[in-house]
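Notes for the structure review
In case you want the letters, here they are:
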Amino acid sequence: MFTENWASLSPREKFEERFKSWMNPPGVEFATPEARQAYQERTQILKDAVELKKPDRVPICPFIGFFPANYAGITAEEAMYDYEKLGMAWTKYHQDFQPDSLASSFMIGPAPIFEKLDYRMYRWPGHGTPAHTPYQFIEAEYMTEDEYDLLINDPSGFWMRRYLPRVFGVLKAWEGLPPLTDIVELPFVGACVIPYGIPDIQESFKTLLEAGNMALEWIGAIGAIDGGVTATLGIPPVLAGFCKAPFDYLADTLRGTQPIMLDMYRRPEKLLKALEVMIPLNIDLGVRTATQNNAPFVFMPLHKGADGFMSDRDFARFYWPSLKAVLLGLIEEGLVPYVFVEGGYNTRLEYLADPDLPEGSIVFMFDTTDMEAVKKTLGGKQCFGGNVPGSLFRTGSPAQVEEYVKNLLEKVGQDGGFILSTGTVIDEADPEAFKAMFEAGRKYGTY
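This section reports on the structure supplied with the text. Residue numbers here run from 1 along each chain, matching the order of that chain's written sequence. Restriction of local features to residues with pLDDT of at least 70 applies here, the model being predicted, together with a cutoff of 80 or more for giving and counting side-chain atom pairs; totals for whole chains, interfaces and linings are based on all residues. Side-chain calculation: all heavy atoms of the structure are included, whereas hydrogens and water are not.

With that out of the way, let us pick up the pairing of strand β8 (residues 383-388). Each residue is placed in one exposure class: buried if its accessible area under a 1.4 Å probe, protein chains only, is under 20% of its type's maximum, exposed if it is over 50%, and partly exposed if it falls in between. Secondary structure elements follow DSSP: runs of H or I no shorter than four residues count as helices, runs of E no shorter than two count as strands, and numbering proceeds from the N terminus. Burial of β8 is extensive: 6 of the 6 residues sit out of reach of the surface. Pairing of strand β7 (residues 363-366) with β8, which is carried by 4 bridges, proceeds in the parallel orientation. Following the sheet pairing, Met-365 is matched in β8 by Gly-385. As paired strands, β8 and strand β9 (residues 418-422) are joined by 5 bridges and run parallel to one another. At least two bridges found by DSSP between two strands is the condition for calling them paired.

In structure tokens:
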């Protein structure tokens, strides 16, 4: 999709090129003219929303977890182990609800591969949790307090020889691998290759290669499922790129919640230096994944910056600067950060309205934040959306859902630049109540 002079293009020119390729996807053969038209209409209303315009109607893009499995009558375990059933369920969801963004089956994950590698960071249905439940993260201190310098000086080396052996049982032997940077001159090559002859290390690589073959089978199935939905229904991929806020990158799966909170006070300078290292890694991750999937959006879930998790002072020092740097880095490459602002950001809204962030360049999707305050702060500056509560689909009636959506659109969705969505990822919902959100969005969301 890149032109020969890509590096010389301005961020806005890159933005237009990415959207052009996404809206006219090369290699996609739509099943019918109607599917092609639906795809073009959906991509156009999403682009209009990002650019703070009034599209023909409000886009409806819920965050979807295991709801399609429950809706189709299969378990979460079956969705993770049986790709045929996964495809049936996810296709049925898209056919029946007709969202404006693809709920990719990629996000469910291949449980057979997790078993093959002895993945220890999560429990999943049939492997630590009941068959009908989603997967669960096992929080632990996967990086110790004395390993900051290792991470800062050699992130890839730290990942290979410290982090991966702790989260994948079959890679435990990798702790004995030497740094690849030891290979600098001829006399050292032989010595550096010796560890790869050790039986445990050889066995780990054999298992990893077998998992690689399994991954090719899985991604082929995912491509057929998601590609089929796009080709037959005209539903575009939106959350196709991914990266994280640097603080969350460190806190979620390396240090853990309690240790990272202590680090802010016991070793703040080490933490800040590590956050600087995480900035280019996350920009690169977002650019690569979005480009590979030919989509202009990069999904960024915010986990530990919410109100009450840390003070405003600590947010300003430890969370926002590195997050802002990643946002700007993605925008520089013509991408649109699609930021899922989990929890409440009522005391953080002014940061999201930072004047250094170009207008019409980010999508902020909210959970429990006061949406009228969001409208007052971000309206006319950045596209925003949300925040229909997930609990409403479990405890509320279709009429209550319709009323909520109607009021939400009347209060904050009348001027464009708005996307209707859920405030949380939906795993369980009453189908009729959930469908009421789509019907109300189409009924009250026209301009």
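With that settled, the discussion passes to helix α11 (residues 246-255). In terms of burial, α11 is largely enclosed, as 10 of its 10 residues are buried. Burial in α11 covers these residues: Pro-246, Phe-247, Asp-248, Tyr-249, Leu-250, Ala-251, Asp-252, Thr-253, Leu-254 and Arg-255. Gly-256 sits one or two positions beyond α11 and adopts a positive phi of about 90°.

With that out of the way, let us pick up the pattern of salt bridges. A carboxyl oxygen of Asp or Glu within 4 Å of a side-chain nitrogen of Lys or Arg is what we treat as a salt bridge. Under the criterion given, the structure shown has 33 salt bridges. Its salt-bridge partner being Asp-263, residue Arg-267 comes within 2.4 Å of it at the nearest N-O pair. Assigned by exposure class, Arg-267 and Asp-263 land together as buried. A salt bridge links Arg-313 to Asp-314, with the shortest nitrogen-to-oxygen separation between them at 3.7 Å. Each of Arg-12, Glu-16, Lys-47, Glu-51 and Lys-53 takes part in salt bridges that share partners, so that together they form one network.

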